[in-house]
Amino acid sequence: MRLFYLGWPNSQTVSAELAPLSISQTLSAKSALRPLFPLSWSHYVRLLSVTNPEARAYYEREALQGGWSVRQLDRQIATLAYQRTRRARTVPAREQTSLADAYVRDPFILEFLNLKDEYSETELEDALIRSLEQFLLELGSEFAFVARQKRLRVGTVWYRVDLVFFHRGLRCLIIVDLKLGKFTHADAGQMNLYLNYARENWMHPHESPPIGLILCSEKDAAVAHYSLGNLSNQVLAREYHLNLPDEAEVAARIETARRVLLRSLASLKPPAAK
């Protein structure tokens with residue numbers, strides 16, 4: 001209770017609560033006030049385990065806006081959703097590669113799919129659609145599902161985009177390509193083709209250019225850096241994991257990704273003038 005008091009201080013004292021109501025404070029006015037603690041007590045008990053105030057505020061805000069159950073909140077905290085979503089915040093704003101990096105998690109944890117060791121891309125996509133509610137929760141707030149296997153024709157060849165989402169914050173389409181193995185430079189080229197087509201044929205005038213998201217089971221940071229650099233469109237490569245790792249393992253992966261990003265940004269800086 002002491003931790004709860006310190007974490008969510010209430011400016012109203014007991015004497016203030018016992019003071020007579022003014023004429024303007026009618027019953028209807030009081031009922032219109034927003035409750036000080038809109039989540040359940042179980043939610044706050046789980047939030048107390050988050051020591052970082054910024055992370056705790058993030059989980060509280062997302063739980064309220066997304067209507068998370070206690071179980072959903074517990075999963076988000078256990079998988080370090082705040083760190084995976086906001087890892088770009090650890091990089092100075094002037095050096096961030098893109099705004100999308102602050103919205104798209106890295107890596108993705110898809111343990112809820114319950115897939116076995118051997119599965120196809122079709123089975124992966126089917127499992128994501130069957131668990132669409134949980135997948136949207138893992139994607140993060142502001143994502144809206146648009147389509148699956150959306151067809152497009154380039155010249156005489158037909159292609160199919162695995163999944164299409166819309167991000168309200170970024171105000172753009174998110175084109176998702178699912179890959180079972182390692183990320184390759186060919187994946188970047190194919191995604192760039194999809195994005196060029198989507199920009200000309202699917203994007204509405206009030207929207208921002210579409211963004212590509214390649215979900216692969218393994219990503220080589222160097223290959224991703226050189227494959228995705230200087231593309232005409234913005235493409236993100238992210239790993240997905242089908243097992244729920246412990247918090248220490250997730251934290252280690254996030255820190256590794258952060259160091260790789262910082263090294264990549266440092267390599268792009270021009271040499272200092274003598």
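Look a little higher up for the structure.
Everything numeric in this text was worked out from a predicted model, so none of it was measured.

About the criteria used
Residue numbers run consecutively from 1 along every chain, following the written order of its sequence. Since the coordinates come from a predicted model, pLDDT governs what is reported: local features require at least 70, and pairs of side-chain atoms require 80 or more to be given and counted, while whole-chain, interface and lining totals use all residues. Hydrogen atoms and water are omitted, and side-chain values are computed over all heavy atoms in the structure. Counting from the N terminus, the helices are the DSSP runs of H or I reaching at least four residues and the strands are the DSSP runs of E reaching at least two. Only heavy atoms matter for contacts: two residues are in contact if any of them lie within 4.5 Å across the pair. Think of it this way: DSSP has to see at least two bridges between two strands before they count as a pair. Any Lys or Arg side-chain nitrogen located within 4 Å of an Asp or Glu carboxyl oxygen qualifies as a salt bridge. Throughout this description, buried means an accessible area under 20% of the type-specific maximum (1.4 Å probe, protein chains only), exposed means over 50%, and partly exposed covers the range between. Residues belong to a common nonpolar core when they are buried Ala, Val, Leu, Ile, Met, Phe, Trp, Tyr or Cys residues joined through side-chain atoms within 4.5 Å. Patch membership requires more than 30% relative accessible area and the absence of a salt bridge. Residues of like charge join within 9 Å; the nonpolar side chains Val, Leu, Ile, Met, Phe, Trp and Tyr join within 5 Å. Note that accessible areas follow from Shrake-Rupley with a 1.4 Å probe, and for residues the cover is restricted to the protein chains shown. Think of it this way: a Phe, Tyr or Trp ring, Trp meaning its six-membered ring, pairs with another when their centres are within 6.5 Å, and the plane angle makes it stacked under 30 degrees, edge-to-face over 60, tilted otherwise.

Draft legend 1. Representation of the side chain of E125. Take E125: it is sitting in helix α8 (residues 121-130). If near-sequence neighbours (up to four positions away) are discounted, E125 is found in contact with R148, Q149, D162, L163 and L178.

Draft legend 2. View of the sheet that holds strand β4 (residues 172-178). The six strands lie next to each other as β1-β6-β5-β4-β3-β2, forming an open sheet whose pairing is mixed. One side of each edge strand has no neighbouring strand; the edge strands of this open sheet are β1 (108-109) and β2 (143-154). Pairing between β4 and strand β5 (residues 211-216): five bridges, direction parallel. Residue pairing for β5: L178 is matched across the bridge by L215.

Draft legend 3. Structural detail: the environment of L178. Locating L178 in the fold gives a position in strand β4. For the pair L178 and E125, spaced 53 residues apart in sequence, the C-alpha separation works out to 7.6 Å. When neighbours within four sequence positions are excluded, L178 is seen to be in contact with E121, L124, E125, L128, D162, L163 and L215.

Draft legend 4. Structural view of the pattern of salt bridges. Scanning the entire structure with this criterion turns up 11 salt bridges. E138 is the salt-bridge partner of R84, the closest N and O atoms lying 2.6 Å from each other. Placement of R84 in helix α7 (residues 81-86) and of E138 in helix α9 (residues 132-139) is noted, with a sequence separation of 54 residues between them. Each member of the pair R84 and E138 is classed as buried. For D106, the salt bridge is made with K219, and the minimal N-O distance between the two is 3.3 Å. Within this pair, whereas D106 is found in the loop between α7 and β1, its partner K219 is found in the loop between β5 and α11 (221-228), the two being separated by 113 residues in sequence. Since its relative accessible area comes to 23%, K219 is described here as partly exposed.

Draft legend 5. Examining the nonpolar core more closely. If you look at the biggest cluster of nonpolar residues, it comprises 26 residues, and the most contacted ones within it are L110 and F135. Of all the secondary-structure elements, those providing two or more residues to this core are α8, α9, β3 (157-167), β4, β5 and β6 (234-241). Apart from residues no more than four positions distant in its own chain, F135 is found in contact with L110, F112, L128, L163, F165 and L215. Counting 19 residues, the second largest nonpolar core, distinct from the first, contains A147, V161, A198 and V235.

Draft legend 6. The arrangement of a nonpolar patch on the surface in detail. Taken together, the side chains of M1, W41 and V45 make up a nonpolar region of the molecular surface, amounting to roughly 360 Å² of accessible area. Along the chain, the position of M1 falls in the segment before α1 (2-7). Residue M1 is classed as exposed on the basis of its relative accessible area, which comes to 71%.

Draft legend 7. Summary view of unusual backbone geometry. In this structure, the amide linkage connecting D106 to the following residue, P107, adopts the cis form with an omega of 0 degrees. By the secondary structure assignment, P107 is in the loop between α7 and β1. Phi is positive for N114, close to 55 degrees, though the residue is something other than glycine. As for its position among the elements, N114 is in the loop between β1 and α8. Phi is positive for E142, close to 80 degrees, though the residue is something other than glycine. Position of E142 among the secondary structure elements: in the loop between α9 and β2.

Draft legend 8. Molecular detail of the packing of aromatic side chains. Going through the model one piece at a time under the given rule, you end up with 13 aromatic pairs. Each ring, one from F4 and one from F37, has its centre 5.3 Å from the other, and the planes form 50 degrees; the classification is tilted. Here F4, found in helix α1, pairs with F37, found in the loop between α3 (27-32) and α4 (41-47); they are 33 residues apart in sequence, far enough to count as distant. Here F37 falls in the partly exposed class, since its relative accessible area comes to 32%.

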